[in-house]
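# Coordinate analysis (summary)
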Amino acid sequence: MATQAANDTIIRPATPADIPQIKIFIESFIEGGDVLPRTLEEIEELLPMFFVAEQGDDLVGCVTLEIYSRKLAEIRSLCVASTVRGQGIGKRLVRTCLDVAHNRDILEVMVITRSEDFFISCGFDYTLPNLKKALFFNTHRDD
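Summarised in this report is the structure supplied together with it. The structure displayed is predicted, hence computed values, not measured ones.

### Comments concerning the overall build of the protein
If you tally the helices and strands in the protein, you get 4 helices and 6 strands. Moving toward the C terminus, one meets the helices and strands of the protein in the order β-β-α-α-β-β-β-α-β-α. Against the globule reference of 15 Å for 143 residues, the protein gives a C-alpha radius of gyration of 15 Å, in line with a compact fold. Oriented by its inertia axes, the alpha-carbon framework of the protein measures out at about 45 × 35 × 25 Å. The proportion of buried residues among the 143 residues of the protein is 37%. Considering only contacts in the protein between residues 6 or more positions apart, those separated by 24 or more positions represent 59%. Accessible surface, the protein as shown: approximately 9200 Å² in total, 52% of it carbon and sulfur.

In structure tokens:
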């Protein structure tokens, strides 16, 4: 399932050998508040749906598709190194997840993000047909 573009970036399924590198790679994105923390155990559990982007020997991006049911999956932990942003790597990672969801007949894929414009450019929208919206409740908020 590995794909390669003209800029020599390979998108491929993650392997067990990638787990420590993925953990280290996403830490700066966690510190910046861009993604939620992931333990080594979570990465290992999600490994069948984790994908990495490589340029040569360098990990330059990653993403996971967390499948909740046949009806719903979520794109999580999308990270692209700042040195390669604007090369389409993020969109290719998202497209990989959407292709997997489509091939598994998953009906809807969601994303929770601060990068709305990016995901809109990938075809996401705020509502689904029939105006379905995601609503959230924070169980740890101060009342």
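### So, the environment of glutamine 87
Relative to the assigned elements, glutamine 87 resides in the loop between strand E5 (72-80) and helix H3 (89-103). Since its relative accessible area comes to 36%, glutamine 87 is described here as partly exposed. For the pair glutamine 87 and threonine 9, spaced 78 residues apart in the sequence, the C-alpha separation amounts to 9.3 Å. Of the polar contacts made by the side chain of glutamine 87, one reaches the side chain of glutamine 55; its length is 3.0 Å.

### Structural notes on unusual backbone geometry
The phi torsion at serine 77 lies on the positive side, around 55 degrees, for a residue other than glycine. The residue serine 77 is located in strand E5 in this model. For aspartate 105, which is not glycine, the phi torsion reads 60 degrees and is therefore positive. Of note, aspartate 105 is situated in the loop between H3 and strand E6 (108-110).

### Considerations on the nonpolar core
Core analysis: the largest hydrophobic core is formed by 39 residues, its most contacted members being Leu65 and Ile75. Looking at this core, the elements with two or more residues in it are helix H1 (19-31), helix H2 (40-46), strand E3 (50-55), strand E4 (58-67), E5 and H3. Per-element tally for this core: the top contributor is H3, with 7 residues. Setting aside its immediate chain neighbours within four residues, leucine 65 contacts Met49, Ala73, Glu74, Ile75, Cys97, Val100, Ala101 and Val109.

### Remarks on the pattern of salt bridges
With the rule as written, the count across this model stands at 8 salt bridges. As a salt-bridge pair, arginine 12 and aspartate 18 come within 2.7 Å of each other at their nearest N and O atoms. Residues arginine 12 and aspartate 18 agree in their burial class; the two are buried. Close ionic contact of glutamate 42 with arginine 38 constitutes a salt bridge, the shortest N to O distance being 3.8 Å.

### Regarding the environment of serine 82
Topologically, serine 82 is positioned in the loop between E5 and H3. Here serine 82 falls in the exposed class, since its relative accessible area comes to 56%. As for serine 82 and isoleucine 67, which are separated by 15 residues in sequence, their C-alpha atoms are 28 Å apart.

### So, H1
The end-to-end C-alpha distance of H1 is 19 Å, a good match for the 18 Å that 13 residues give at a rise of 1.5 Å each. Looking at H1, one finds that the buried residues are Ile19, Ile22, Phe25, Ile26 and Phe29. Lining the buried residues of H1 we find H2, E3, E4 and E5. Once H1 finishes, glycine 33 follows within two positions and takes phi at roughly 80 degrees, a positive value.

Calculation rules
Residues numbered from 1 in each chain as written. Predicted model: local features only at pLDDT ≥ 70, side-chain atom pairs only at ≥ 80, totals over all residues. Heavy atoms only, no water. Helix = DSSP H or I, 4+ residues; strand = E, 2+ residues; numbered from the N terminus. Rg over C-alpha atoms; globule rule 2.2 N^0.38 Å. Buried < 20%, exposed > 50% of the residue type's maximum accessible area, 1.4 Å probe, protein only. Contact = heavy atoms within 4.5 Å. Areas by Shrake-Rupley, 256 points an atom, 1.4 Å probe, with all protein chains shown as cover. Polar contact = N/O pair within 3.5 Å; in protein donor to acceptor, adjacent residues only side chain to side chain. Core = buried A, V, L, I, M, F, W, Y, C linked by side-chain atoms within 4.5 Å. Salt bridge = Lys/Arg side-chain N within 4 Å of Asp/Glu carboxyl O. Expected span 1.5 Å × (residues − 1).

Read these as geometric descriptors, not functional statements.
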